[in-house]
Amino acid sequence: MATSYPTFTLSDQLTRQQLDFFNTHGFIHFKNFIKPATVSSIIDASKEVEKKWIEQDIKKINGVPIKYGKDLDGSPIVQRFAFLNQQHQTLSGLLLDPRFNALLQLAGDGARLGTEEKDGMVFNHYINGPDSKFSKMGWHTDGLRDIFYGTKLNPMLNVGIHLSTLKPENGGLKIIPGTHKQSIYQMLFRKKYFLDNKPDADEVSILPEAGDLTIHDGRLWHRVAESAVRGEESRRRVIYIPIIAGKYAPKNENSPTVFYQRFAGIVK
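A few points on the structure. (Residues numbered from 1 in each chain as written. Predicted model: local features only at pLDDT ≥ 70, side-chain atom pairs only at ≥ 80, totals over all residues. Heavy atoms only, no water.)

## Points about the overall build of the protein
Stated precisely, the cut-off is as follows: Runs of H or I in DSSP of at least four residues are treated as helices and runs of E of at least two as strands, each being numbered from the N terminus. Burial status follows relative accessibility: with a 1.4 Å probe on protein chains alone, a residue under 20% of its type maximum counts as buried, one over 50% as exposed, and anything between as partly exposed. Two residues qualify as a contact provided that any one of their heavy atoms is within 4.5 Å of a heavy atom in the partner residue. To be clear on the numbers: accessible area is Shrake-Rupley with a 1.4 Å probe, and residue cover counts the displayed protein chains and nothing else.
Check the secondary structure of the protein and you find 6 helices and 14 strands. Of all 268 residues assigned to the protein, the portion counted as buried reaches 57%. A sequence separation of at least 24 residues applies to 82% of the contacts in the protein between residues at least 6 apart. Taken as a whole, the protein presents about 12500 Å² of accessible surface, with 52% of it coming from carbon and sulfur.

## So, the pattern of salt bridges
Where side chains of opposite charge bring their charged atoms close, a pairing between them can arise. As a reminder, the rule being used: What makes a salt bridge here is a side-chain nitrogen of Lys or Arg within 4 Å of a carboxyl oxygen of Asp or Glu, nothing more.
For the coordinates displayed, the defined rule picks out 14 salt bridges. Between Asp71 and Arg235 there is a salt bridge, with its nearest N and O atoms 2.9 Å apart. Pair noted here: Asp71 is in the loop between strand 4 (67–70) and strand 5 (76–81) and Arg235 is in the loop between strand 13 (222–225) and strand 14 (236–244), with a separation of 164 residues, a long-range link. For Arg235, a relative accessible area of 14% corresponds to the buried category. Residue Asp200 is joined to Lys191 by a salt bridge in which the shortest nitrogen-to-oxygen separation is 2.7 Å. The two residues Asp200 and Lys191 agree in class, both being buried. Each member of the salt-bridge network shares a partner with another, and the members are Lys31, Glu209 and Asp212.

## A look at the side chain of Asp71
Overall, Asp71 belongs to the buried group, its relative accessible area being 17%. Not counting residues within four places of it along the chain, the set of residues in contact with Asp71 comprises Ile77, Ile127 and Arg235.

## Digging into the environment of Leu72
With respect to the element layout, Leu72 can be found in the loop between strand 4 and strand 5. For Leu72, a relative accessible area of 33% translates into the label partly exposed. Non-local contacts of Leu72, meaning those with residues more than four positions away in its chain, are made with Ile127, Asn128, Gly129, Pro130, Gly231, Glu232 and Arg235.

## Concerning the nonpolar core
Soluble globular proteins tend to bury their nonpolar side chains together. Selection criterion: Definition of nonpolar core: a set of buried residues of the types Ala, Val, Leu, Ile, Met, Phe, Trp, Tyr and Cys, connected through side-chain atoms within 4.5 Å.
Core analysis: the biggest nonpolar cluster contains 60 residues, and Leu103 and Ile215 have the highest contact counts within it. Considering every element that reaches this core, the biggest residue donor is helix 2 (residues 36–56), with 6 residues. Contacts of Ile215, omitting those with residues within four sequence positions, involve Phe22, Gly26, Phe27, Ile28, Phe30, Leu103, Leu106, Leu157, Asn158 and Val159.

## With respect to the pairing of strand 7 (residues 122–126)
Spelled out, the test is: Only strands that DSSP links by at least two bridges are regarded as paired with each other.
Judged by how many residues are buried, strand 7 sits mostly within the fold: 5 of 5 residues are covered. Of the two faces of strand 7, the one carrying Val122, Asn124 and Tyr126 and the one carrying Phe123 and His125 are both buried. Relative to strand 7, strand 5 runs antiparallel, the two being bridged by 2 bridges. Considered in strand 7, the bridge of Phe81 is made with Phe123. In the sheet, strand 7 pairs with strand 14 via 5 bridges, with the strands oriented antiparallel. Each residue of the ladder has a partner; that of His125, found in strand 14, is Arg237.

## Some thoughts on the packing of aromatic side chains
Stated formally: Side-chain rings of Phe, Tyr and Trp (the six-membered ring for Trp) are treated as a pair once their centres are within 6.5 Å; stacked means planes under 30 degrees apart, edge-to-face means over 60, and tilted covers the remaining angles.
Under the defined criterion, the tally for this structure stands at 6 aromatic pairs. On the numbers, 5.4 Å between centres and 70° between planes, the contact of Phe33 with Phe100 is edge-to-face. With a gap of 67 residues between them, Phe33 in the loop between strand 1 (27–30) and helix 2 and Phe100 in helix 4 (residues 99–103) connect regions that are remote in the sequence. Of the two residues examined, Phe33 and Phe100, each falls in the buried class. A ring pair is formed by Phe81 and Phe123, whose centres lie 5.2 Å apart and whose planes are at 80°; its orientation type is edge-to-face.

## What about the pairing of strand 9 (residues 156–162)?
Counting buried positions along strand 9 yields 7 of 7 residues, so the element is predominantly enclosed. With burial as the criterion, each face of strand 9 is covered, one bearing Met156, Asn158, Gly160 and His162 and the other bearing Leu157, Val159 and Ile161. Note that strand 9 and strand 12 (residues 213–217) share 5 bridges and pair antiparallel. Bridging from a neighbouring strand, Gly160 pairs with Thr214 of strand 12.

Pasting the structure below:
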């Protein structure tokens with residue numbers, strides 16, 4: 001597949017063309033999902049939560065470790081938030097957009113937004129600076145999570161709401177289209193989870209503009225490439241919220257840390 005691909009516009013109902021594209025390739029890219037003012041309000045909300053968590057030295061939310069790092073000036077920042085939708089009205093309100101309902105059919109019957117499950121709404125803040133702890137992420141599939149949870153492999157889609165405009169030199173999300181149809185063996189052993197960050201001959205670069213929405217099937221092999229530029233130009237923010245099918249499994253403040261998350265240090 002070429003590194004370029006068609007983009008679409010999301011309304012309250014998916015078209016046959018959109019469904020076919022997603023089912024074939026395992027991902028889809030919608031332009032201009034939210035307006036620039038909404039992007040700014042989301043970033044401002046994340047900074048409010050960040051300030052609170054740093055002041056209170058919050059280590060985990062609902063059992064999920066929070067990843068801290070340092071900004072370009074050396075000040076502490078949160079680089080990976082979990083369950084951010086439960087922390088601020090701006091983020092919980094975002095998920096009331098009726099267009100999300102159109103996306104649920106991509107995961108089949110019983111699908112829902114994972115507002116209280118897995119890691120909830122995840123907010124990633126990447127920056128390529130001298131003290132960054134979160135500039136890239138190696139090849140992985142999200143299907144591995146179900147194996148660690150001890151449940152059967154259910155459909156899980158990752159909805160990405162992009163808050164930064166990316167150019168090729170910014171790195172970002174890389175996927176291998178069609179691998180959502182791979183065998184369990186290929187899901188487990190095609191790549192070395194998180195340790196392998198080498199480009200793949202079949203990978204496609206997702207290059208969104210701020211305000212775009214993407215969806216990729218969690219069974220796809222994907223990675224986050226490190227930015228080739230450093231400093232402010234490398235800053236990128238993205239929200240992920242899962243679409244889940246299968247047994248409802250909410251988390252709360254007493255939820256244990258999942259086994260694989262204890263090794264989060266290998267995820268850069």
